[in-house]
Amino acid sequence: MKERFRKVEEENKDFAQKYVEVEEENNNLANLYVASYQLHSTLDYGEVLKVVLEIVINLIGAEKFSIMQIDEKANELVAVASEGINTKEIPRIPIGNGIIGGVAKEGESYFSDNMFHQEPLDLAEPIVCIPLKIKEHVIGVITIYSFFIQKTSFSNVDYELFNLLAGHAATAIFSSRLYTQSERKLTTIQGFLELLKEKPRK
């Protein structure tokens, strides 16, 4: 009887553990779905950047990080948004230069062996650097410099979120930027046409 009771107890523990794992996986899938939906819910460039910031803060647990985009004319990465760091203080980085420039050139993610960087912050040495890619074309990177204190390691869902950001965030940022630029051009053209329509003063 004792042996049977022990086996039943072990089976119950296994069942409880599997239930917790399934529940965690369901939560992770829900988070991934919400993040993906939010990224494609707007075509406003500023709003898309805000959504990416929220995903990195709330779902990944990053405290200090930046979003950088490639300036094709200068062949450099330029910070367009950040959290915990002044965006204007983040230097431009030539493509291929250092960790960040290397990720932009090669299109491969970088993960440091040390999750806890000490102050003062070195903006050239991120803990994580994720390329923002549309197919194989890199349009920018996300650089993470520190995580909240409760974040002690990466989980499977973190890597899924990094992959999500690499593709979906890149598409959302690129599309919204094109849309915003075309809207501005359209407004300028319409304003010009309105001026042409105005009757000359006598």
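A brief structural summary. These numbers were taken from a predicted model, which means no experiment stands behind them.

### Overview of the overall build of the chain
The number of helices and strands found in the chain is 4 helices and 6 strands. Out of the 202 residues in the chain, the part that is buried amounts to 35%. Put simply, of all contacts in the chain between residues at least 6 apart along the chain, 56% involve residues at least 24 apart.

### Description of the nonpolar core
Counting residues in each nonpolar core, the largest one holds 36 residues, and the members touching the most others are Val52, Ile67, Ile142, Ile144, Phe147 and Ile173. Among the elements that line this core, the one with the most residues is helix α4 (residues 156-197), at 10 residues. The residues contacting Ile142, other than those within four sequence positions of it, are Val52, Val56, Ser66, Ile67, Val128, Cys129, Ile130, Leu132 and Leu165. Counting 15 residues, the second-largest nonpolar core is a separate cluster that includes Ile85, Leu123, Val138 and Val141.

### Some details on the pairing of strand β6 (residues 137-147)
Among the 11 residues in β6, 10 count as buried, and that is most of the element. Bridge analysis of strand β1 (residues 62-71) against β6 gives 7 bridges, and the strand direction is antiparallel. The residue of β6 that forms the bridge with Gln69 is Gly140. One ladder, built from 7 bridges, connects strand β5 (residues 128-134) with β6; its direction is antiparallel. Looking at β6, one finds that Ile130 is bridged to Ile142. As consecutive antiparallel partners, β5 and β6 are separated by 2 residues, and within that stretch Lys135 has a phi angle of approximately 60°, a positive value.

### A short note on the side chain of Ser66
Structurally, Ser66 is set in strand β1. A distance of 2.5 Å separates polar atoms of two side chains, one belonging to Ser66 and the other to Thr143. Those residues in contact with Ser66 that lie beyond four places of it in its chain are Ala81, Ser82, Ile90, Val141, Ile142, Thr143 and Tyr145.

### Quick word on the sheet that holds strand β3 (residues 93-94)
Spatial strand order, β3-β2-β1-β6-β5-β4: 6 strands in an open sheet with antiparallel pairing. Of all the strands in the sheet, the pair left with one neighbour each is β3 and β4 (110-111). Across the face of the sheet, helix α2 (residues 45-60) comes into contact with β1, β2 (76-83) and β6 while running at roughly 145° to β1. Contacts from helix α3 (residues 98-106) reach β1, β2, β3, β4, β5 and β6 within the one sheet, and its direction differs from that of β6 by about 145°.

### Overview of the pairing of β2
In this sheet, β2 lies alongside β1 in antiparallel orientation, the contact comprising 7 bridges. Within β2, the residue paired with Phe65 across the bridge is Glu83. Counting the residues in the hairpin turn of β1 and β2 gives 4 residues, including Asn75, whose phi is positive at 55°. As defined by bridge partners, β2 adjoins β3 across 2 bridges and the pair is classed as antiparallel. Bridged to Glu76 within β3 is Pro94.

### Observations concerning the pattern of salt bridges
Note on pairing: side chains with opposite charge can pair once their charged atoms come close. Counted under the stated rule, the structure contains 3 salt bridges. Ionic pairing is found between Lys50 and Glu47, a salt bridge with its closest N-O pair at 3.8 Å. Of this pair, Lys50 and Glu47 are both found in helix α2, 3 residues apart, which corresponds to roughly one turn of the helix. Lys50 gets classed as partly exposed once you look at its relative accessible area, which sits at 48%.

Criteria and thresholds
- For every chain, the first residue of its written sequence is number 1, and the numbers climb from 1 along that sequence.
- Side-chain atom pairs in this predicted model are given and counted only at pLDDT of 80 or more, local residue features only at pLDDT of at least 70, and totals for whole chains, interfaces and linings cover all residues.
- Excluded from the side-chain calculations are hydrogens and water; all other atoms, namely the structure's heavy atoms, are used.
- Strands here are runs of E lasting at least two residues and helices are runs of H or I lasting at least four, both read from the DSSP assignment and numbered beginning at the N terminus.
- The classification of residues rests on relative accessible area computed with a 1.4 Å probe and restricted to protein chains. Under 20% of the type maximum is buried, over 50% is exposed, and intermediate values are partly exposed.
- Any pair of residues with heavy atoms lying within 4.5 Å of one another is described as a contacting pair.
- What makes a nonpolar core is a set of buried Ala, Val, Leu, Ile, Met, Phe, Trp, Tyr and Cys residues whose side-chain atoms join them at distances within 4.5 Å.
- Note on pairing: DSSP must find at least two bridges between two strands before they are called paired.
- For this analysis, a polar contact is any N or O atom pair within 3.5 Å, provided that within protein one partner can donate a hydrogen and the other can accept it, and provided that sequence-adjacent residues contribute only side-chain to side-chain pairs.
- With axes taken as lines fitted to C-alpha atoms, and helix axes fitted only over the stretch in contact, angles between N-to-C directions fall between 0 and 180 degrees.
- Throughout this description, the term salt bridge denotes a Lys or Arg side-chain nitrogen within 4 Å of a carboxyl oxygen of Asp or Glu.

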